[in-house]
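# Summary of the model geometry
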Amino acid sequence: MTEIREGMQDASLSRRDFLKAAAGAAVVAAAAGVALPNINASKAFAASAAPLSGAYAAPGTYTVTANLYVDKRDSPIGKNAYVTNPGNPPFNKPTSPVANNATLVVAEGGAKLLTVPIVNSSFGVLEIASASQDGLVRITEKKMGKWVMPNFLWSSPYDERVVSLTFDVTNFAGGSAVATFSPSAEYASFPLYKGRKTWDLHLVADLGAA
């Protein structure tokens, strides 16, 4: 996040320098009796920046949909198990993706950081690879928090689990693209499948062609 703020400050300083230079040129020209053409400084500065496109192209903070899951080939419940879904088996399995649960921050320079809450207590995420296998997505922040069991039958030898992950998705297409993180580690806290696991984790996100 520090790098993003510095990038925004640099952009602000560049714009300020441009305006100062334009004003200085006008003063010199006036003293020499030379007329300068009417220049729209904002348009001139904007023209120097790389064009952005997509629903979340403009710098800002957006609420988006993003899900992290264990693939059905690994999941003991036979379907994708979403650690972004708070459901707990056997009656409320976390087999459905959730929506509008994540935050996307787009910086002035185009960098995109995606923060995703990790909320499931049956599949507690303990570890995750620092980057996706294809190298397009990097984890910039991992937050640990107290692991609260959904009921007295669930248990874990770990007091904490991952509660939030921030991904650098600047180079991630989103949509149908999947970012796979391996190796990763989880702990299944529900009685039937209790134990430490080493299931890969997969990220999908609707970035609106960001």
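Residues numbered from 1 in each chain as written. Predicted model: local features only at pLDDT ≥ 70, side-chain atom pairs only at ≥ 80, totals over all residues. Heavy atoms only, no water.

### Let's talk about the sheet that holds strand β10 (residues 195-197)
Cut-off, in case you're wondering: A pair of strands is labelled paired if DSSP reports no fewer than 2 bridges between them. Each helix is a run of H or I in the DSSP string that is no shorter than four residues. Each strand is a run of E no shorter than two, and both are numbered from the N terminus. Each axis is a line fitted through C-alpha atoms, taken for helices only over the stretch in contact, and angles between the N-to-C directions span 0 to 180 degrees.
The strand order across the open sheet built from three strands is β5-β9-β10, with neighbouring strands paired in antiparallel fashion. Where the open sheet ends on each side, the last strands, each with one partner, are β5 (123-127) and β10. Neighbour-to-neighbour, the strand axes of this sheet turn through a mean angle of 30°, independent of strand direction. Pairing between strand β9 (residues 185-188) and β10: three bridges, direction antiparallel.

### Some thoughts on the pairing of strand β3 (residues 102-106)
Basically, it comes down to this: Buried, partly exposed and exposed residues are distinguished by accessible area as a fraction of the type maximum, computed with a 1.4 Å probe on protein chains only: under 20%, between the cut-offs, and over 50%, respectively.
Counting buried positions over the five residues of β3 gives four, a clear majority of the element. As judged from the four bridges shared by β3 and strand β4 (residues 112-117), these two strands associate in the antiparallel manner. When the sheet's bridge partners are listed, Thr 103 is paired in β4 with Thr 115. Connecting the antiparallel pair β3 and β4 is a turn made up of five residues, with Gly 110 showing a positive phi of about 105°.

### Comments concerning the side chain of Asn 80
Note the following rule: Side-chain atoms alone can form a polar contact between residues adjacent in sequence; in general such a contact is a pair of N or O atoms within 3.5 Å, and within protein one must be able to donate a hydrogen while the other accepts it. Contacts are assigned to residue pairs with any non-hydrogen atoms lying within 4.5 Å of each other.
Assignment of secondary structure puts Asn 80 in the loop between β1 (60-70) and β2 (81-82). Its relative accessible area of 18% is what places Asn 80 among the buried residues. Within the local environment of Asn 80, its side chain forms a polar contact with the backbone nitrogen of Lys 72, the two atoms lying 2.9 Å apart. Dropping the residues within four chain positions of it, Asn 80 is found in contact with Tyr 69, Val 70, Asp 71, Lys 72, Pro 94 and Thr 95.

### Looking at the pattern of salt bridges
For clarity, the cut-off: What counts as a salt bridge is simple: a side-chain nitrogen of Lys or Arg found within 4 Å of a carboxyl oxygen of Asp or Glu.
On inspection of all chains with the given rule, the structure shows three salt bridges. Measuring nitrogen to oxygen at the nearest pair gives 2.9 Å for the salt bridge that ties Asp 71 to Arg 73.

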